[in-house]
Amino acid sequence: MDESIIKKVRKIEIKARGLSQQMFSGEYHSAFKGRGMAFSEVREYQYGDDVRNIDWNVTARLAHPYVKIFEEERELTVMLLVDVSGSGRFGTQSQFKEELAAEVAATLAFSAIANNDKVGVILFSDRIEKFIPPKKGRQHILRIIRELITFRPESNGTDIAQALAYFNNIIKRRCTAFLLSDFFDRGYDDALKIAAGKHDLVALRLVDRREEHLENLGLVKFYDPESTETLWVDTGSAAVRRVVDARARQQAEQTERSMRRYGIDMATLYTGEDFVKPLRTLLSRRS
């Protein structure tokens, strides 16, 4: 591995470890509802047992009703669904959105490993770019960090619905999943509903302040990394700034409505700003 990459990985590892400890302070598992239920044994049916848990094979064999007993799994699987589309290569506050995504994902990954849980990653654009199956261990986390900071997607677009459909398909047991994206996309509500019903889904909206409020910078050439189109915009026009700001608010409000509709907790994290406080606020609401 290139020496500069090793240094970057090590830098994020040190920072993520510290932020992980600062963020959770022993409240990790109480913040997540994603633990699955694993089959333990069968016993005779008792009054009040859920009939949906009847083991019909054992019942038929022994001519008496038996039910399956489940225990909460000790292990939690944490999945990180990270948007690596072209819009992540934007930032005006000392870092790009893709760099913020890498730091947040690394912090969550270290929290999972520190609590003996497995962590996996899905990197997506308008296609599934890479899937890293859930595993434990420091070497696994270092591989995840390396991918986050060096990976270059084959496509620039965004398709959240496809990413969620793939996730629902490949991860069978209930888990905790963090969806990291700027949510510059549409038409993913149905997939969101299914994922939220099957898993404990948390949305992390990663944005730059300049995307929410256009400042007066005169005539500016804008480049869209997803469509690769360029456009000259007169930011000196108050009318233009109002239109752009209104569209940004509308997009943010639509994302928030979708999350509320399906009971998904969400936090908005900004480039160049501390993300521990908003994440801690979100996690404390869930504890």
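Here the structure is shown first, and the text comes after it.
Here the structure is a predicted model, which means the values were calculated and not measured. (Residues numbered from 1 in each chain as written. Predicted model: local features only at pLDDT ≥ 70, side-chain atom pairs only at ≥ 80, totals over all residues. Heavy atoms only, no water.)

K.L.:
What is the right way to read the overall build of the protein chain from this model?
P.N.:
Within the protein chain, the regular secondary structure consists of nine helices and ten strands. Along the longest, intermediate and shortest principal axes, the C-alpha atoms of the protein chain span 80 × 45 × 35 Å. When burial is assessed residue by residue, the protein chain has 47% of its 287 residues classed as buried. Intrachain contacts of the protein chain at a sequence separation of at least 6 include 72% that bridge at least 24 residues. Only carbon and sulfur atoms are counted for the fraction: they give 49% of the accessible area of the protein chain, which is about 15300 Å². (Helix = DSSP H or I, 4+ residues; strand = E, 2+ residues; numbered from the N terminus. Buried < 20%, exposed > 50% of the residue type's maximum accessible area, 1.4 Å probe, protein only. Contact = heavy atoms within 4.5 Å. Areas by Shrake-Rupley, 256 points an atom, 1.4 Å probe, with all protein chains shown as cover.)

K.L.:
So what exactly am I meant to see when it comes to the sheet that holds strand β10 (residues 265-270) here?
P.N.:
By definition, the strands of a sheet pair up through backbone hydrogen bonds, in either a parallel or an antiparallel sense. Spatial strand order, β5-β4-β3-β6-β7-β10: six strands in an open sheet with mixed pairing. Two strands in the sheet have a free side with no partner beyond their single neighbour: β5 (128-135) and β10. If you compare each strand with its neighbour and ignore which way they point, the axes differ by 15 degrees on average. As paired strands, strand β4 (residues 118-124) and β5 are joined by five bridges and run antiparallel to one another. (Pairing = 2+ DSSP bridges. Axes fitted to C-alpha atoms, helices over the stretch in contact; angles between N-to-C directions.)

K.L.:
What is the right way to look at the packing of helix α3 (residues 97-114) against helix α4 (residues 138-150) in this model?
P.N.:
Packed helices, taken two at a time, are described by the angle between their axes plus the distance between the axes. Viewed as axis vectors pointing N to C, α3 and α4 meet at an angle of 170 degrees, and their least axial separation amounts to 10 Å. Between α3 and α4, the crossing angle belongs to the class labelled roughly antiparallel. Here Ala-102, Ala-105, Ala-106, Ala-109, Phe-110 and Ile-113 of α3 lie close against α4, whose contacting residues are Ile-141, Ile-145, Leu-148 and Ile-149. Grouping the amino acids of the contact of α3 with α4 by side-chain chemistry returns ten nonpolar, no polar and no charged. (Parallel < 35°, antiparallel > 145°, perpendicular 65-115°, else oblique. Nonpolar A, V, L, I, M, F, W, Y, C, P; charged D, E, K, R; others polar.)

K.L.:
Would you mind going over the pattern of salt bridges with me for this structure?
P.N.:
Two side chains of opposite charge can pair, provided their charged atoms sit close to one another. Evaluated as defined, the whole model comprises ten salt bridges. Salt-bridge contacts for Arg-205 lead to Glu-212; the nearest nitrogen and oxygen are separated by 3.1 Å. Look at Arg-205 and you get buried, because its relative accessible area is 3%. Via salt bridges that share partners, Lys-97, Asp-182 and Glu-211 belong to a single interconnected network. (Salt bridge = Lys/Arg side-chain N within 4 Å of Asp/Glu carboxyl O.)

K.L.:
Please clarify how the nonpolar core should be interpreted in this entry.
P.N.:
The nonpolar side chains of soluble globular proteins are, as a tendency, buried together. In terms of nonpolar packing, the biggest core is built from 44 residues, with Leu-80, Val-104, Val-119, Leu-204 and Leu-269 touching the most fellow members. Broken down by element, the residue count for this core peaks at eleven residues, all from α3. If you look at the next biggest cluster of nonpolar residues, it comprises 25 residues, including Ile-160, Ala-163, Phe-183 and Leu-192. (Core = buried A, V, L, I, M, F, W, Y, C linked by side-chain atoms within 4.5 Å.)

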